[in-house]
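Chain residues, written in single-letter form:
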Amino acid sequence: MATFLYKVGRFAFRRRHFVALLWVALLTLAGVGAATAPAPGAGSFSIPGTEAQRAFDLLDERFPGFAADGATARVVFKAPEGEKMTDSEHKAVVQDTVKELSSGKQVASATDPFATKSLSENGEIAYAQVSYKVNGMELKDDSRDALEKATEDARVGGLTVEVGGDALQAMPHTGTAEIIGIGIAAVVLVITLGSLVAAGLPLLTALIGVGIGVSSIAALAKVLDLGTTTSTLAMMIGLAVGIDYALFIVSRYRAELDEGREREDAAGRAVGTAGSAVVFAGLTVVIALVGLAVVNIPVLTKMGVAAAGTVAIAVLIALTMIPALLGYAGRKIRPASAKGRLRGGKKAKDAADAPAPVADAEKVNLGTKWARFVLRRPVTVLLIGVLGLGAAALPASSLALGLPDDGVQPTDTTQRKAYDMLSDGFGPGFNGPLMVVTDVRGVDDAKGVVDEVRKTIEGVDGVVNVSPATFNKAGDTAMITVIPNSKPSSTETEDIVHAMRDAGVGLESKHDAEVFVSGATAMNIDFSEKLNDALLPYLALVVGLAFLLLIIVFRSLLVPLKAALGFLLSVLAALGAVVAVFQWGWLGGLFGVEETGPIMSMMPIFMVGVVFGLAMDYEVFLVTRMREAYVHGERPGQAIVTGFRHGARVVTAAAVIMIAVFAGFIGASDQMIKMIGFGLAIAVFFDAFVVRMAIVPAVLALLGDKAWWLPKWLDRALPNVDVEGEGLKDLDTEHRGDRGDDDRELARV
């Protein structure tokens with residue numbers, strides 16, 4: 001591996017014009033494809049195998065044009081204090097508004113609250129429901145504009161008018177915080193690499209990689225049915241890992257220059273050593289993202305595969321475009337130390353003849369000091385790290401999962417105002433109605449069976465209202481709307497759904513009819529439960545595959561085991577922090593959390609996948625440097641110090657960059673993206689600075705030589721990937737005067 005990547009790095013350095021032109025051509029091609037492709041839709045959303053999905057599928061089949069998953073808008077009207085909605089002038093305004101709303105091209109229907117008796121008991125509040133033929137993300141701007149105009153016209157009549165539902169759902173914006181995050185990353189790069197040119201390379205290559213990835217997603221969105229939100233995850237992760245991977249190679253390049261190597265050789269060695277770590281770190285991220293397919297929710301699978309593709313592009317760019325740009329930069333990128341700069345990067349003697357560097361002769365950096373401190377007090381550091389993460393993880397014990405609704409919107413939004421008005425006038429359950437779908441095809445007394453279903457549902461605890469049944473034209477399928485007495489995201493509503501389904505099972509066996517409980521609220525409940533059921537299998541698959549991969553990289557059993565256990569600690573601590581901020585409201589104002597609520601149901605499995613991949617980045621980059629020193633003859637304690645002397649500064653910078661990029665998404669307008677940004681940022685903080693910088697060296701110090709133990713039979717069976725670059729020793733004399741060999745071998749490959 002190291003030898004091949006060494007030749008790739010030297011090839012890219014020499015053939016820099018060809019490599020740069022190739023990546024620019026790919027970026028142009030992806031950009032043209034994105035610009036000429038049809039506009040992406042929302043992407044189809046389905047949860048195969050769930051009861052709510054089977055009901056939607058049945059409605060699509062039996063109620064043509066009904067659009068069970070179509071967008072809805074609830075236009076809520078409130079009369080001035082002391083007046084009633086039934087007053088003639090208010091009634092006329094409402095009916096005119098309904099007529100105006102019905103005229104839209106994408107509108108399926110708009111109900112008149114006076115015809116449907118959608119009036120509160122005190123007569124002060126009424127609502128009209130607008131149903132659309134397409135889902136919320138497929139609504140055109142003119143449909144939303146028409147909805148907003150109709151409500152504005154109604155307000156002129158003196159009524160308070162607000163709109164809830166997903167019809168006003170729009171693409172979330174991240175604001176300026178994301179730009180600030182990239183700015184922080186740029187500052188960290190300048191401080192770490194010592195020059196604007198060196199700092200610019202990781203930013204440039206990361207932006208090119210993300211540009212190719214996101215543009216490719218946009219170009220293929222219509223063909224592959226990718227939603228407009230698919231690119232958000234790809235951009236978030238691609239940008240973070242793209243900067244980090246490039247940073248590690250540029251930093252290693254400067255270290256090789258410090259050893260007195262020629263720039264071409266230094267580029268090859270940087271790619272051969274740090275590049276090997278980049279390959280395996282990237283593989284762990286790809287495994288984690290592609291593994292989301294285990295959940296069997298198509299939208300998550302597509303998001304994971306798209307993000308994994310962007311990570312793969314980031315790896316390829318780091319291995320090829322970075323050495324090409326290093327060739328363009330020339331002497332503008334200097335060796336890492338003053339001693340190396342004094343030598344001017346001139347070629348040193350053969351590596352075999354060169355004296356080993358003496359650590360005491362070099363300036364003792366903070367990484368060295370910290371490693372020596374941990375070696376003196378490993379038990380204390382280990383206990384503090386584990387207990388600290390354990391304390392941070394405690395709030396996760398009260399984790400409540402769900403999907404956020406309009407009840408967690410900021411209080412100044414029309415969606416939140418409509419939500420509160422409906423709760424005040426009709427009860428909290430009106431914000432999350434349930435739908436009971438009964439398939440009575442082949443049943444002799446279809447109407448009688450549906451009436452019995454309706455009466456049975458009325459008797460379920462927590463149900464406050466059951467509408468009359470609506471049959472399709474064939475008379476073999478009926479819909480019933482059910483209003484619970486609790487808000488959509490509550491555990492009480494979840495219990496009501498399960499009770500209704502249990503009642504439906506008894507009716508199915510009695511009448512040979514099928515009864516489904518569905519609707520947006522039931523779909524959210526099924527979504528959460530499916531994610532929970534898939535969490536352990538997903539965790540076993542991802543951690544298991546990555547564990548095997550790390551055994552190959554580190555030639556050890558205990559190091560990968562320690563890496564996996566440390567990851568679990570950091571994820572649990574991060575989930576605890578998410579619960580404390582978004583569910584309990586601790587420091588909520590600092591992070592722009594106006595309303596607390598349940599944690600997004602995909603958050604645990606999402607964090608397991610993404611954070612595991614990112615956590616293994618730091619494990620690979622930091623511990624491979626220790627492994628490299630150990631196999632070159634250093635004692636275990638010395639190897640830990642060497643790993644920190646060379647890797648701590650860069651890993652710290654990489655973690656700060658990734659935290660800054662993720663934290664930029666905390667400024668998003670959408671609560672889900674805000675939560676994801678915070679969760680990933682705090683998880684990287686815990687994993688990089690507590691687990692990898694404290695717990696890992698403490699455990700390795702306690703294990704000593706045992707940390708690198710591997711059974712001989714397993715050592716012989718595993719492939720030798722040579723991440724440490726052991727095979728590069730023989731290349732010091734082989735490549736002299738024979739620069740054409742690499743090109744010919746790569747051409748054959």
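These figures come from a predicted structure and were not determined experimentally.

**Some thoughts on the overall build of the chain**
A tally of regular secondary structure across the chain gives 25 helices and eleven strands. Scored against the burial criterion, the 749 residues of the chain give a buried share of 55%. A sequence separation of at least 24 residues applies to 80% of the contacts in the chain between residues at least 6 apart. Surface exposure of the chain reaches about 31,300 Å², of which carbon and sulfur atoms provide 60%.

**Focus: unusual backbone geometry**
The phi torsion at Asn 296 lies on the positive side, around 65°, for a residue other than glycine. With respect to the helices and strands, the residue Asn 296 is situated in the loop between helix H10 (263-290) and helix H11 (298-329). With phi around 55°, Leu 587 is a residue other than glycine that occupies positive phi space. The topology assignment puts Leu 587 in the loop between helix H19 (558-583) and strand E11 (599-600). Judged by relative accessible area, which is 60%, Leu 587 ranks as exposed.

**Some details on the packing of aromatic side chains**
Tallied over the entire structure, the rule returns twelve aromatic pairs. Between the aromatic rings of Phe 426 and Phe 430, the centroid separation amounts to 4.9 Å while the plane-to-plane angle is 35°, which identifies the pairing as tilted. Of the two residues examined, Phe 426 and Phe 430, each falls in the buried class. Site record: aromatic cluster; members linked through ring pairs are Tyr 127, Phe 426 and Phe 430. For Arg 16, the ring lying beneath its charged end belongs to Tyr 328, and the centroid distance is 6.0 Å. Positioned above the aromatic ring of Phe 114, the side-chain terminus of Lys 91 is 5.3 Å from the ring centre.

**Remarks on a negative patch on the surface**
A cluster of like negative charges, contributed by Asp 141, Asp 142, Asp 145 and Glu 148, occupies part of the molecular surface. On the secondary structure map, Asp 141 appears in helix H6 (residues 141-155).

**Let's talk about the nonpolar core**
In terms of nonpolar packing, the biggest core is built from 168 residues, with Ile 243, Tyr 245, Ile 249, Tyr 253, Phe 567 and Phe 662 touching the most fellow members. Not counting chain neighbours up to four residues away, the residues in contact with Phe 662 comprise Met 236, Ala 240, Leu 614, Gly 677, Leu 680, Ala 681 and Val 684. In this structure, Ala 71, Val 93, Val 107 and Leu 139 belong to the second largest nonpolar core, which totals 26 residues.

**Considering the pairing of strand E10 (residues 514-518)**
With respect to burial, E10 is a largely interior element, four of its five residues being buried. In the sheet, strand E6 (residues 434-439) pairs with E10 via five bridges, with the strands oriented antiparallel. Bridge pairing links Thr 438 to Val 515 in E10.

**Focus: the side chain of Asp 476**
Mapping Asp 476 onto the fold places it in the loop between strand E8 (470-471) and strand E9 (477-484). Look at Asp 476 and you get buried, because its relative accessible area is 9%. At a separation of 3.1 Å, a polar atom in the side chain of Asp 476 contacts the side chain of Arg 441. Only 3.2 Å separates the side chain of Asp 476 from the side chain of Thr 477, close enough to count as a polar contact. Excluding residues that lie within four positions of it along the chain, Asp 476 makes contacts with Arg 62, Thr 438, Asp 439, Val 440 and Arg 441.

Calculation rules
- Residues numbered from 1 in each chain as written.
- Predicted model: local features only at pLDDT ≥ 70, side-chain atom pairs only at ≥ 80, totals over all residues.
- Heavy atoms only, no water.
- Helix = DSSP H or I, 4+ residues; strand = E, 2+ residues; numbered from the N terminus.
- Buried < 20%, exposed > 50% of the residue type's maximum accessible area, 1.4 Å probe, protein only.
- Contact = heavy atoms within 4.5 Å.
- Areas by Shrake-Rupley, 256 points an atom, 1.4 Å probe, with all protein chains shown as cover.
- Phe/Tyr/Trp six-rings, centres within 6.5 Å; stacked < 30°, edge-to-face > 60°.
- Lys NZ or Arg CZ within 6 Å of the ring centre and 35° of its normal.
- Patch = residues over 30% accessible without salt bridge, like charges linked within 9 Å, V, L, I, M, F, W, Y side chains within 5 Å.
- Salt bridge = Lys/Arg side-chain N within 4 Å of Asp/Glu carboxyl O.
- Lys, Arg positive; Asp, Glu negative; His and termini not counted.
- Charge placed at Lys NZ, Arg CZ, Asp CG, Glu CD.
- Core = buried A, V, L, I, M, F, W, Y, C linked by side-chain atoms within 4.5 Å.
- Pairing = 2+ DSSP bridges.
- Polar contact = N/O pair within 3.5 Å; in protein donor to acceptor, adjacent residues only side chain to side chain.

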